[in-house]
Amino acid sequence: MKRVATVSVLLVASLALAACGGSSKSSSSKRVNLTLWAGWSAGTHELKAFKSLVDEYNAKQKKIHVKVVGDINDTKIVAAIRSGTAPDIVSSFNSYNVGNYCGTGAWIDLSPYLKKDHIDVNEFPPATRYYTQYGGKRCALPLLADTYGLYYNKTLFANAGIKRPPKTISELTADVKKLTQRSSDGTIQVAGLDPLIGFYENVPERWSTSFNVKWLKPGGTSSDIADDPGWRKLFEWQKSLVDWYGYGKLVRFQSGLGDEFSASQAFEKGKLAMNLDGEWRVAFIADEVPHLNYGTAPMPVDDAHPELYGSGYINGTIIGIPKGKKHNDEAWQVVKYLTTDPHFLAQFSNKIRNVPTTKAALRSSEIQPDPHFSTFLKIFSNPHSTTSPIMASGVAYTNFVQSFFTKWQGSNGQGLEGKLRSLAKELDAQVKQAGGGGSAVP
Amino acid sequence: MSAVTAPVALVRRRPPASVRRKRFLLAVANHSLLIAAAVAFLAPFIFILLTSLMTNNQALSTSLWPHPIRWSNFYDVFTKAPFWRWALNTLQYSVLATIGLVLSSVPVAYALARLRWRGRQVSFLIVLIALMLPPQVTVVPLYVMWAKLHLVGTLWPVILPNWFGDAFSIFLLRQFFLTIPEEYLDAARVDGCGELRIVATVVTRLAKPAIAAVALFSFLYTFNDFFLPLLYTGENPHHWVLSLGLSEFRSLHQVQWNLTMAATLLVMAPVIVLFFLAQRAFVEGVTLTGVKG
Amino acid sequence: MRLRPAADAGAVSVPASPALARRPGKRRAAWRRRRLVLLLMSPWIVGFTVFFGYPLVMSVYLSFTHYDLLSSPRWIGTANYRYLFHDDPQVWTAVKNTLWYIAVAVPLQVLFAFGIALMLARARRGVGIFRTIFYLPALAPPVAATLGFVYILNPATGPVNVLLGHLGVQGPLWFHDPHWSKPALVALTVWGVGNTMVIFLAAVLDVPRHLYESAELDGAGVFSRLRWVTLPSISPVILFAVVFNVIQGLQYFTQAYVAAGVAAGQASQAADVTAVNLGYPQDSTLFYPVLLYQHGFTDFQMGYASAMSVLLLVVSFAITLVIVLNSRRWVYQAAPR
């Protein structure tokens, strides 16, 4: 019985080999299968686009076959690496945990590979270069970046008699008030902009460039959140706008809106006149509501800092190799292709409308021009654009700030100074507890 | 007993009209309260059902009654998510865990209930303590242990511990074993049965209701379990059970409330069907847990 | 199903007395006995050692280390406990939330279960149907029930607020309001009170009729009968329900995790950072086990999470002990029936 099984296994194996086709070189029989985890969701067009481009890579060469698994988030990545069940290649939607990945060695250092293959890291734009390393280790590379800007509904703008998107915070505030529509009982029907932190893409760091905020004290790793005037302005302005709507009314309004990545997204449905969002929304709108009359612009900035207009927050998908896997060399080949091949980057950027992350790809003639999308390319290359700090405590750091902010926006708005002082202390204690420091955004 | 009831029965035979009216009013009040409470308890099920039949747009509106009625939501759930896989994983967890739990808990409960040995009281006390402590107390080192065994990402870390006795089942079975009359066991002993044979045959036969209850609880527990599957299989969707899949269903598949509620009903259905099939065993089992030993 | 009250009444007398064991045949029998006990107990002995004793000891050890599962644990003394008691801004919130939940949910569960059981015990018709209706929610899987409640209590489109709106009342924000999120979770718990209710019903029906009748003869009204007959008779069952539900309260996780995730995710998928949703809104549903999960299994601070579990161990032990010891004062010690 056992022998029969062995024979049939051999038979199947040889059949499978034969099926590999003409080029039956010895290498084809040793084709390495790699699994790659990605954050793009099976519910959207993005995962399909990524898979088709990876299949193109699979067809191009005979040594490596990559299988893509979607719907991955940082919690899954972290858990898998700790428990030794990580795939050969991982990618994360954002850089928040790089301090953790590089600092603990969960993702291996890619510098030796970069050196061996003579890849100049300066080929990657500055912000992406910063958020893929920590503590002297480059454990990740950027795989397209995200920049954030303002989406505005031109029809609603025209109805309200507004000619152009706001450039300063005071213009933004005035426009929001003009654009908001309420029913007779005060229920919000259309919001000019939903300023609540935690709504869709609305998190504190995405406003950081608008208010020129500083995360860390110069030359150190201790938080500057209590002393930096930018943060103070951001907290006070956001709170005053929330109070203008009425906190409860805003929460009620937003709990009736569709999911961010569903076809019922509120901006696409015309329930929001303006929305802070990433560049990928351009592709979602093209996919789901192609006739929407809208425009894109950089985020409005603090009236005292007009020079910041045009900049925005940058973050992006990062990719790396988890610790303790067997096929690091092959995995590196895939990572190298996905992060540096101009054709791949340009095609992928066209399909999901994320920003290409090498200088060559940014110049590539393959990039299809699109007026909505070019706004984000400009934001990306603006020298004032910035990202969030990479800290040893990983995503918990920005989470603390966000969780503080969500409490603040629902509070009575008193005692900001003292609250910020204790927040700064908590942030510092958290970083220390995580056993390390951080690095300031350049 | 009869000595007491006889005179009372005499008194009860014909209460005065005023007392009868009062009793009648009390009964009416009692029933109205019961009906009101029953409506409140049923309402969530009804709302879930109604929403599960709505269209996408309607689920985002304030209307309560589905119009038009979309039965196809229940079909869509299966195309949107690997529901069958989740169901199979759940079944695997439930069945393997329940078998192991019964096989390992019966002998322990028997030893604690019917054999007298030094350390028995202490052992039982330890079982009780294990029963009372939250699982979070031991979860970190256990996770480390399973990670070192490379079993995180599978369902084994949630199945295997059941094969080594479960405190709650041991407690419940012990309570029941205490009530088995000694004569039955003695009869078996006279017939020359060893204690092992007695456990395997006589006790098992006599304790059928208790074993059924334990198996039922184990099924329910595993079917509903969320924390441990989340911990051990969270990063591996291939091994997700229904509870885990359902919790991620909305965010992963970008669906609206109508499909979410359809999925919710589908997850509730097996338990409710099981309840109607085995109602007696359920109620008896639950009652059994409440009787203090 | 009537159970005989406890005790060793039924236990086999193993001939363990030393006088008998001195005889060689008897000694062998005693050894066989011991082997039998060991054999029967072996699953539990292994299970207890591997899945309980060992992790308990390890928890204590790990709580003095910095451990991220990637490199070996590094001894850091009491730093974790210092962070736990002095610096972690969320621990106090989590402790307070958990205590609040236990203090509110447990009495309400007992009250509702008892009230419904009493009504059912008095009902003349439809007892079976009513019992089924009240028991059904207890069967609903927690994740499913929670999803249902988050939808039903949606501030804008949920049926409850829509119905309240028709009555001219503006409903609360429920799972989106830090003042209402815990009450909403308590409502979910009370909805699932069926198990406790069935136990209470059995106990109420078990109260000997003659006790009521002699009380009635003594002129006791409905309420004094309740106070002096029903309550004392079922007090052991109430104690059981209290202890059981307090224990459940200490490990309250699933409903809080799912409700916060779904309610927050409904508005936000900001950067797909799931950990930030735990405790939504504003840490009001951040219960101790949820925080422990976050530190241990999303941040992977295994040392710190161990310190948290050691604290949980001490507290749950203390609470259970206090309840059980105090119970002697108010639980009616029934004479053997």
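Take unusual backbone geometry next. In this structure, Pro68 of chain B follows His67 of chain B across a cis peptide bond, with omega equal to -5°. Topologically, Pro68 of chain B is positioned in the loop between helix H3 (56-59) and helix H4 (72-80). Tyr280 of chain C connects to Pro281 of chain C through a cis peptide bond whose omega is -10°. Tracing the backbone through its elements, the reader meets Pro281 of chain C in the loop between helix H12 (254-265) and helix H13 (288-298). A positive phi is found at Leu144 of chain A, a non-glycine position, where the angle reads about 65°. A relative accessible area of 0% places Leu144 of chain A in the buried class. For Asn212 of chain A, which is not glycine, the phi torsion reads 55° and is therefore positive. If you trace the backbone, Asn212 of chain A turns up in the loop between strand S8 (188-190) and helix H10 (229-245). For Asn212 of chain A, a relative accessible area of 27% puts it in the partly exposed group.

As a further point, take the pattern of salt bridges. Residue and element names in this part refer to chain A. If you walk through the whole model with that rule in mind, you get 18 salt bridges over all chains. Close ionic contact of Arg206 with Glu201 constitutes a salt bridge, the shortest N to O distance being 2.8 Å. For the residue pair Arg206 and Glu201, the accessibility class agrees, reading buried in each case. Linking Asp227 and Lys217 is a salt bridge whose minimum nitrogen-to-oxygen distance equals 2.6 Å.

Another point: the interface of chain C and chain B. Facing the 107 residues of chain C at the interface are 109 residues of chain B. When chain C packs against chain B, the two sides together hide about 9800 Å² of surface, and 78% of this comes from carbon and sulfur. There are 0 salt bridges connecting chain C and chain B. For the interface between chain C and chain B, the tally reads 5 residue pairs in polar contact (both at pLDDT 80 or more). Take the side of chain C that touches chain B: its biggest share by element is 20 residues, from helix H2 (residues 24-62) of chain C.

Residue and element names in this part refer to chain A. Along strand S9 (residues 274-278), 5 of the 5 residues are buried, which leaves the element largely enclosed by surrounding structure. Residues Met274, Leu276 and Gly278 of S9 are buried on one face, and the alternating residues Asn275 and Asp277, pointing to the opposite face, are buried as well. Relative to S9, strand S6 (residues 141-153) runs antiparallel, the two sharing 5 bridges. Residue pairing across strands places Gly149 opposite Asp277, the latter belonging to S9.

All right, on to the packing of aromatic side chains then. When we look at a pair of aromatic rings, we describe it by the centre distance and by the angle of the planes. For the structure on display, the rule yields 68 aromatic pairs over all chains. For the pair Tyr337 of chain A and Phe344 of chain A, a centre-to-centre distance of 5.7 Å together with 45° between the ring planes defines the contact as tilted. Like Phe344 of chain A, Tyr337 of chain A is buried. Here the aromatic cluster, defined as three or more aromatic residues joined through ring pairs, consists of Tyr143, Phe226, Phe227 and Tyr232 of chain B together with Phe253, Tyr257, Tyr293, Phe297 and Phe300 of chain C. Above the ring of Trp244 of chain A, the side-chain terminus of Arg182 of chain A is found at 4.8 Å from the ring centroid. Note that Arg227 of chain C overlies the ring of Trp228 of chain C, its terminal NZ or CZ placed 4.2 Å from the centroid.

A word on the layout of surface pockets. In this approach the atoms are scanned with a rolling probe the size of a water molecule, which exposes any empty space left behind. Taken as a whole, the second largest pocket spans an internal volume of roughly 1500 Å³. Taken together, 35 residues line the second largest pocket, and the ones lying closest to its centre are Arg23 of chain B together with Arg122, Arg209, Val222 and Arg225 of chain C. Put simply, the parts of the chain that give the lining of the second largest pocket at least two residues each are helix H1 (2-12) and helix H2 (17-52) of chain B together with helix H4 (91-122), helix H9 (194-206), helix H10 (209-217) and helix H11 (222-250) of chain C. Looking at which element gives the most residues to the lining of the second largest pocket, the answer is H2 of chain B, with 8 residues. The residue inventory of the lining of the second largest pocket, partitioned by class, reads 23 nonpolar, 3 polar and 9 charged.

The next thing to look at is the interface of chain A and chain B. It is common to report an interface's size as the accessible area lost on association of the parts. Taken residue by residue, the interface counts 19 residues in chain A and 15 residues in chain B. Where chain A abuts chain B, roughly 1400 Å² becomes buried across the two surfaces, and 48% of that area is made up of carbon and sulfur atoms. On inspection of chain A and its partner chain B, the count reaches 0 salt bridges. Our enumeration of links across chain A and chain B arrives at 3 residue pairs in polar contact (both at pLDDT 80 or more). Counting residues per element, the side of chain A that touches chain B draws most heavily on helix H4 (residues 74-82) of chain A, at 4 residues. For the side of chain A that touches chain B, the per-class residue count stands at 5 nonpolar, 9 polar and 5 charged.

All names here are of chain A. Taken as a whole and judged by the stated rule, the model has 1 disulfide over all chains. Covalently, Cys102 is tied to Cys139 through a disulfide, its sulfur atoms 2.1 Å apart. One disulfide, between Cys102 and Cys139, carries an S-S torsion of -85° and so falls in the left-handed class. Residue Cys102 is located in helix H5 (residues 98-104), and its partner Cys139 is located in the loop between strand S5 (137-138) and S6; the two are separated by 37 residues in the primary sequence.

Attention now goes to H10 of chain C. All names here are of chain C. The set of residues buried in H10 consists of Tyr212, Glu213 and Ala215. Burial along H10 is one-sided: seen end-on, the buried residues are contained in an arc of 160°. Following H10 by one or two positions, Gly219 has its phi on the positive side, about 90°.

Moving on, we get to the confidence of the model for chain C. All names here are of chain C. Of all residues in chain C, 87% attain a pLDDT of 70 or more, and the chain-wide mean is 83. Looking at the elements of chain C, mean pLDDT is at its lowest for helix H1 (residues 18-21), recorded as 46, and at its highest for helix H8 (residues 181-191), recorded as 96. Under a pLDDT of 50 for its full length, residues 1-21 has, in the predicted model, 36 contacts with residues more than four places off or in other chains. A low-confidence stretch, residues 267-273 (pLDDT under 50), is modelled with 28 contacts involving residues beyond four sequence positions or located in other chains.

On to the packing of helix H6 (residues 142-152) of chain C against H8 of chain C. All names here are of chain C. Direction vectors running N to C along H6 and H8 enclose 130°, while the axes themselves pass 11 Å from each other. Judged by the inter-axis angle, H6 sits oblique to H8. Both H6 and H8 take part in a crossing whose hand is right-handed. Between H6 and H8, the residues in contact are Ala145, Thr146 and Phe149 and Ala184, Ala187, Leu188 and Trp191, respectively.

Turning next to helix H17 (residues 395-409) of chain A. Counted at 1.5 Å a residue, the expected span for H17 of chain A with its 15 residues is 21 Å, and the 21 Å between its end C-alpha atoms agrees. With 14 of 15 residues buried, H17 of chain A is to be regarded as a mostly interior element.

Moving on, we come to the environment of Val229 of chain C. Residues and elements named next belong to chain C. Structurally, Val229 can be placed in helix H11. Accessibility expressed as a relative area gives 8% for Val229, which makes it buried. Put simply, Val229 and Ala215 are 14 residues apart on the chain and 7.8 Å apart in space, counted from C-alpha to C-alpha.

Let's shift gears to the domain arrangement of chain B. All names here are of chain B. Once the domains are mapped, chain B shows domain 1 (2-75) and domain 2 (83-290). The distance between the C-alpha centroids of domain 1 and domain 2 comes to 32 Å. Tallying the contact residues gives 12 residues for domain 1 and 10 residues for domain 2. For the pair domain 1 and domain 2, the two sides together bury roughly 1000 Å², of which 78% comes from carbon and sulfur. On the surface where domain 1 and domain 2 come into contact, there are 0 salt bridges. On the surface where domain 1 and domain 2 come into contact, there are 3 residue pairs in polar contact (both at pLDDT 80 or more). Listing elements by their share of the side of domain 1 that touches domain 2, those giving two or more residues are H2, H3 and H4. It is H2 that provides the largest number of residues to the side of domain 1 that touches domain 2, a total of 5 residues. Here the residues of the side of domain 1 that touches domain 2 sort into 7 nonpolar, 5 polar and no charged.

The rules behind these values
- Residues numbered from 1 in each chain as written.
- Chains lettered and ligands numbered in written order.
- Predicted model: local features only at pLDDT ≥ 70, side-chain atom pairs only at ≥ 80, totals over all residues.
- Heavy atoms only, no water.
- Helix = DSSP H or I, 4+ residues; strand = E, 2+ residues; numbered from the N terminus.
- Buried < 20%, exposed > 50% of the residue type's maximum accessible area, 1.4 Å probe, protein only.
- Salt bridge = Lys/Arg side-chain N within 4 Å of Asp/Glu carboxyl O.
- Contact = heavy atoms within 4.5 Å.
- Buried area = accessible area lost by both parts, 1.4 Å probe.
- Polar contact = N/O pair within 3.5 Å; in protein donor to acceptor, adjacent residues only side chain to side chain.
- Pairing = 2+ DSSP bridges.
- Phe/Tyr/Trp six-rings, centres within 6.5 Å; stacked < 30°, edge-to-face > 60°.
- Lys NZ or Arg CZ within 6 Å of the ring centre and 35° of its normal.
- 1 Å grid on protein atoms, 1.4 Å probe; cavity = no way out; pocket = protein on both sides within 12 Å on 5 of 7 lines; lining within 4 Å.
- Points joined across faces, edges and corners; volume = space filled by probe spheres on them.
- Nonpolar A, V, L, I, M, F, W, Y, C, P; charged D, E, K, R; others polar.
- Disulfide = S-S within 2.5 Å.
- Arc of directions from axis to C-beta.
- pLDDT = per-residue confidence, 0-100.
- Axes fitted to C-alpha atoms, helices over the stretch in contact; angles between N-to-C directions.
- Parallel < 35°, antiparallel > 145°, perpendicular 65-115°, else oblique.
- Left-handed = near helix turned anticlockwise from the far one by under 90°.
- Expected span 1.5 Å × (residues − 1).
- Domains from an automatic or database assignment.

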